[in-house]
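Survey of secondary and tertiary structure
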Amino acid sequence: LKAFSLDAFCGERHLVPDLIKIDAEGFEYEVFAGAGKMLRAHHPDLIVSVHERFLQNRGSSPAAVFELLKKYGYREFDPIVPDTFFVSRASGSRL
């Protein structure tokens, strides 16, 4: 199974997503770390499933994921259902 970053995937294909859904079973931090360039440049809205137990097994936490997203300019973290959040750069969701 080949893995690649969102920055590489979007960059090679000239993609500018408006919305990204991530459910990475504890690898959320790594996914967003590999998407920093695209997230900073385009700020797509995000739907993020954050599984605390899986993150803890990897030495991370939901707080670490959200802090990383804040560094990219994201400010709104609105729960949709347990463990899943709508994340946007500015107030007022577009969902």
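Residues numbered from 1 in each chain as written. Predicted model: local features only at pLDDT ≥ 70, side-chain atom pairs only at ≥ 80, totals over all residues. Heavy atoms only, no water.

To continue, consider the sheet that holds strand β4 (residues 84-88). If you walk across this open sheet you meet the four strands as β1-β2-β4-β3, and the pairing is mixed. One side of each edge strand has no neighbouring strand; the edge strands of this open sheet are β1 (19-23) and β3 (76-81). Neighbour-to-neighbour, the strand axes of this sheet turn through a mean angle of 20 degrees, independent of strand direction. The sheet contact formed by β1 and strand β2 (residues 45-49) spans five bridges and is parallel. Across the sheet, the residue bridging to I22 is V48, located in β2. Packed onto the sheet, helix α5 (residues 62-71) meets β2, β3 and β4 and runs at close to 135 degrees relative to β3. (Pairing = 2+ DSSP bridges. Helix = DSSP H or I, 4+ residues; strand = E, 2+ residues; numbered from the N terminus. Axes fitted to C-alpha atoms, helices over the stretch in contact; angles between N-to-C directions. Contact = heavy atoms within 4.5 Å.)

Now for the pattern of salt bridges. Where charged atoms of side chains with opposite charge meet at close range, the side chains can pair. All told, the structure shown has three salt bridges when counted by the stated rule. For R13, the salt bridge is made with E12, and the minimal N-O distance between the two is 3.7 Å. Between K70 and E67 there is a salt bridge; the shortest N-O distance is 3.3 Å. With K70 and E67 both in helix α5 and three residues apart, the pair spans about one turn of that helix. A relative accessible area of 35% means that K70 is categorised as partly exposed. (Salt bridge = Lys/Arg side-chain N within 4 Å of Asp/Glu carboxyl O. Buried < 20%, exposed > 50% of the residue type's maximum accessible area, 1.4 Å probe, protein only.)

Below, the discussion takes up the packing of aromatic side chains. One pass over the structure, following the stated rule, counts three aromatic pairs. Both rings, one in F4 and one in F9, keep their centres 5.4 Å apart while their planes meet at 10 degrees; by these two values the pair is stacked. We classify F9 as partly exposed; its relative accessible area is 27%. (Phe/Tyr/Trp six-rings, centres within 6.5 Å; stacked < 30°, edge-to-face > 60°.)

Another aspect to go through is the environment of S88. Its location among the elements puts S88 in strand β4. The class of S88 is buried, set by a relative accessible area of 3%. Sequence separation of S88 and L1 is 87 residues, and the distance between their C-alpha atoms is 31 Å. If we skip the residues at most four places from it in the chain, S88 touches D45, Y74, R75 and E76.

Tracing the backbone through its elements, the reader meets P82 in the loop between β3 and β4. Judged by its relative accessible area of 71%, P82 falls in the exposed class.

By size, the foremost hydrophobic cluster in this structure holds 21 residues, and its most contacted members are F32, L39, L46, L69, Y72, Y74 and V87. Contributing elements (two or more residues each) for this core: β1, α3 (36-42), β2, α5 and β4. Of the residues forming this core, the biggest block, four residues, is contributed by α5. Dropping the residues within four chain positions of it, L39 is found in contact with F32, P44, L46, L69, Y72 and Y74. (Core = buried A, V, L, I, M, F, W, Y, C linked by side-chain atoms within 4.5 Å.)

By themselves these figures say nothing about function.
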